[in-house]
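Now for the letters of each chain:
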Amino acid sequence: MKVLATNDDGIYADGLWALRDALSALGEVIVVAPDRPRSASGHAITLHKPLRVREVSLTNGEWGYCTNGTPSDCVVLGIVDIVGKPDLVVSGINVGANLGEDLTYSGTVCAAMEAALFEVPAFSISITSDEVEDFGPAAEVALRLAEEIGKHGLPPDTFLNVNVPPLPREKVAGIAVTTQGRRRYQSRLEKRLDPRGKEYYWLKGDLEDALDAGDTDVKAVARGFVSVTPIHLDLTDYGFIDALKGWDLFRSR
Ligand code: MN
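Keep in mind the model is a prediction, meaning the values are calculated, not measured.

1. Side note on the overall build of the protein chain
Helix and strand counts for the protein chain stand at six helices and 13 strands. What you see for the protein chain is a C-alpha radius of gyration of 19 Å, in line with the 18 Å of a compact globule of 253 residues. Taken along the three principal axes of its C-alpha coordinates, the protein chain extends 65 × 55 × 45 Å. Among the 253 residues that make up the protein chain, the fraction classed as buried is 44%. In the protein chain, of all internal contacts separated by at least 6 residues, the share reaching a separation of at least 24 is 74%. When the accessible surface of the protein chain is split by element, carbon and sulfur atoms take 52% of a total near 13900 Å². Treating the 26 positive side-chain charges of the protein chain as one cloud and the 37 negative ones as another, the clouds have centres 6 Å apart.

Printed below as a string of structure tokens:
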């Protein structure tokens, strides 16, 4: 199996190398990752400046390719030039949850989305904590998923988004197949004054995770389960199409 590994926390992030080590059991794992942290870069690509790629050696003897681009740039560069079409793209292991409506903000998730656009099976994997001591349980989940994808493949236009609770292996309740949940924030902006008395803003948000009906990703990790959500590239709201057609959109003024 040939695997392309990337992330949005940058090439020096421990989670990326834990992922690489775990997936090495399946074959060749080539790392193409941003040269700096690019969290919350979403599905951004770089169109207006040159993209550079260089090889990086780490002190532990590992090496990989890094770019000055976004996570999605890394996937494009990896598939089109550096690696060739791999059997699998994996993005992570991210430090921090990627749940509910946060998916489209996430560089981690959107790197897997980019791979799906190339018709390459992919998943993103995150630990739902901002401080991670042990990537081991998540790395094991990544390996198991990679093996299953190797066996079953994934449907067209679909990738998997995986969230792992920050628990020791024996405390993980199990693995749940979930739907994308709801994750809304309260008071998203803080307005402050800089030392010169000028206003600036800081984006923030107090989470109000709605433990709504259904087997959602938010609910699963809150209950100690690993959440695996199949995500489709098509965001259309099919249920609204007929009602929308009924609007008088073409009336001339
Ligand atoms: Mn990140």
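2. With respect to the sheet that holds strand β7 (residues 158-164)
Taken in spatial order, the nine strands make up an open sheet running β3-β4-β2-β1-β5-β6-β7-β13-β8, and their pairing is mixed. Each edge of the open sheet carries a strand with a single partner, namely β3 (53-57) and β8 (174-177). Taking each pair of neighbouring strands and ignoring which way they run, the sheet shows an average axis angle of 25 degrees. In terms of strand pairing, β7 meets strand β13 (residues 225-232) through six bridges, oriented antiparallel. When the bridges of β13 are listed, N163 appears paired with S227. Contacting β1 (2-6), β2 (28-34), β4 (63-67), β5 (88-95) and β6 (122-127), helix α1 (residues 14-23) runs over the sheet at an angle of about 140 degrees to β5.

3. Side note on the packing of α1 against helix α4 (residues 136-152)
The contact between α1 and α4 brings their axes to 9 Å, and the two run at 45 degrees. What the angle tells us is that α1 and α4 run oblique. The two elements α1 and α4 meet at a crossing, and its hand is right-handed. Each of A18, L19, A22 and L23 in α1 lies in contact with α4, whose residues at this interface are A139, A142, L143 and A146. For the contact of α1 with α4, the per-class residue count stands at eight nonpolar, no polar and no charged.

4. Points about the pairing of strand β10 (residues 189-193)
Taken together, the five bridges between β10 and strand β11 (residues 199-203) define a ladder with antiparallel strand orientation. By the bridge assignment for β11, L189 is matched with L203. Linking β10 back to β11 in an antiparallel pair, the connection comprises five residues, with G197 at a positive phi of about 85 degrees.

5. Structural notes on the pattern of salt bridges
What the rule picks out here adds up to ten salt bridges. Through salt bridges that share partners, R20, D21 and E62 make up one connected network.

Reading guide: rules and limits
- Residues numbered from 1 in each chain as written.
- Predicted model: local features only at pLDDT ≥ 70, side-chain atom pairs only at ≥ 80, totals over all residues.
- Heavy atoms only, no water.
- Helix = DSSP H or I, 4+ residues; strand = E, 2+ residues; numbered from the N terminus.
- Rg over C-alpha atoms; globule rule 2.2 N^0.38 Å.
- Buried < 20%, exposed > 50% of the residue type's maximum accessible area, 1.4 Å probe, protein only.
- Contact = heavy atoms within 4.5 Å.
- Areas by Shrake-Rupley, 256 points an atom, 1.4 Å probe, with all protein chains shown as cover.
- Lys, Arg positive; Asp, Glu negative; His and termini not counted.
- Charge placed at Lys NZ, Arg CZ, Asp CG, Glu CD.
- Pairing = 2+ DSSP bridges.
- Axes fitted to C-alpha atoms, helices over the stretch in contact; angles between N-to-C directions.
- Parallel < 35°, antiparallel > 145°, perpendicular 65-115°, else oblique.
- Left-handed = near helix turned anticlockwise from the far one by under 90°.
- Nonpolar A, V, L, I, M, F, W, Y, C, P; charged D, E, K, R; others polar.
- Salt bridge = Lys/Arg side-chain N within 4 Å of Asp/Glu carboxyl O.

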